[in-house]
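One-letter residues, chain by chain:
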Amino acid sequence: QVQVVESGGGLVQAGGSLRLSCTVSGLTRPFNLYAIAWSRQPPGKEREAISCITWTESIIYYSDSVKGRFTISRDNAKNTLYLQMNSLESEDTAMYYCAPRISGCSASPDQYNYWGQGTQVTVSS
């Protein structure tokens, strides 16, 4: 079974920073072949794909809502995805999720099959 574990969430003041991590295990193909994405779901809102990164295609994607503030990266040796979150705003409060995808990045969260349990990010103002 594919296992996805997000971590690093917490409470932070507006304008602050936080780094999320995501470890993936149980993949049947090499980790490098997978795109890995972050999505988030604020209370009462739909899940939004906010960032994605590939290795073989050298593609990085950011949604307009996080572009310029968040940075996605991956460590293939550790099967780990990161999301550096800077200049956090109250609107960034959400549950953050991670998932791999063999077919590359997608703007639609429902195109991913292995979202983890999520890690909560709460931004106070």
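The present account deals with the structure reproduced in this document.

Analysis parameters
Residues numbered from 1 in each chain as written. Predicted model: local features only at pLDDT ≥ 70, side-chain atom pairs only at ≥ 80, totals over all residues. Heavy atoms only, no water. Pairing = 2+ DSSP bridges. Helix = DSSP H or I, 4+ residues; strand = E, 2+ residues; numbered from the N terminus. Axes fitted to C-alpha atoms, helices over the stretch in contact; angles between N-to-C directions. Salt bridge = Lys/Arg side-chain N within 4 Å of Asp/Glu carboxyl O. Buried < 20%, exposed > 50% of the residue type's maximum accessible area, 1.4 Å probe, protein only. Polar contact = N/O pair within 3.5 Å; in protein donor to acceptor, adjacent residues only side chain to side chain. Contact = heavy atoms within 4.5 Å. Core = buried A, V, L, I, M, F, W, Y, C linked by side-chain atoms within 4.5 Å. Phe/Tyr/Trp six-rings, centres within 6.5 Å; stacked < 30°, edge-to-face > 60°. Lys NZ or Arg CZ within 6 Å of the ring centre and 35° of its normal.

1. Points about the sheet that holds strand β7 (residues 70-75)
In any sheet, the strands associate via hydrogen bonds between backbone groups, in a parallel or an antiparallel arrangement.
(1) Moving on: Ordered in space as β1-β3-β8-β7, the four strands form an open sheet in which the pairing is antiparallel. The sheet is open, and its two edges are formed by β1 (3-7) and β7, each paired on a single side. Adjacent strand axes in the sheet meet at a mean angle of 15 degrees when their direction is disregarded.
(2) Moving on: As paired elements, β1 and strand β3 (residues 18-25) share five bridges and run antiparallel to each other. Opposite E6, over in β3, you have C22 as the bridge partner.

2. Quick word on the pattern of salt bridges
Pairing is possible between side chains that carry opposite charge, provided their charged atoms lie close to one another.
(1) Moving on: Per the counting criterion, the structure on display carries four salt bridges.
(2) Moving on: The partner of R40 in a salt bridge is E48, with the nearest N and O atoms 3.4 Å apart.
(3) Moving on: Its salt-bridge partner being D92, residue R40 comes within 2.8 Å of it at the nearest N-O pair. In this pair, R40 sits in strand β4 (residues 35-41) while D92 sits in the loop between β8 (80-85) and β9 (94-101), placing the two residues 52 residues apart along the sequence. We note that R40, like D92, is buried.
(4) Moving on: One salt-bridge network, held together by shared partners, links R40, E48, R69 and D92.

3. Points about the side chain of T119
(1) Moving on: Among the structural elements, T119 can be located in strand β10 (residues 119-124).
(2) Moving on: Exposure remark for T119: the relative accessible area of 10% places this residue in the buried category.
(3) Moving on: Within the structure, T119 has its side chain in polar contact with the backbone nitrogen of G9 (distance 3.0 Å).
(4) Moving on: Among residues more than four places away in sequence, those in contact with T119 are E6, S7, G8, G9, L20, A94, M95 and Y96.

4. Brief notes about the nonpolar core
(1) Moving on: Core analysis: the biggest nonpolar cluster contains 26 residues, and L20, W38, F70, L81, L83, M85 and Y96 have the highest contact counts within it.
(2) Moving on: Elements supplying a minimum of two residues to this core: β3, β4, β5 (48-53), β7, β8, β9 and β10.
(3) Moving on: A total of four residues in this core trace back to one element, the largest contributor, which is β3.
(4) Moving on: Ignoring any residue separated from it by four or fewer positions in sequence, one finds L81 in contact with L20, S21, C22, I36, A37, W38, I53, I72, S73, R74 and C98.

5. So, the environment of T54
(1) Moving on: For T54, the location among the structural elements is in the loop between β5 and β6 (60-62).
(2) Moving on: The exposure class of T54 is buried, given its relative accessible area of 6%.
(3) Moving on: Apart from the residues lying within four places of it in its own chain, the contact partners of T54 are A35, I59, R74 and C105.
(4) Moving on: Of note is the side chain of T54, whose polar atom sits 3.3 Å from the backbone nitrogen of S58.

6. Some words on the packing of aromatic side chains
(1) Moving on: Using the criterion set out here, one finds one aromatic pair in the structure.
(2) Moving on: An angle of 50 degrees between the planes, with centres 5.0 Å apart, marks the rings of Y112 and W115 as tilted.
(3) Moving on: Assessed through its relative accessible area of 5%, Y112 is described here as buried.
(4) Moving on: The exposure class of W115 is buried, given its relative accessible area of 18%.
(5) Moving on: The ring of Y97 carries the charged tip of R47 above its face, separated from the ring centre by 3.8 Å.

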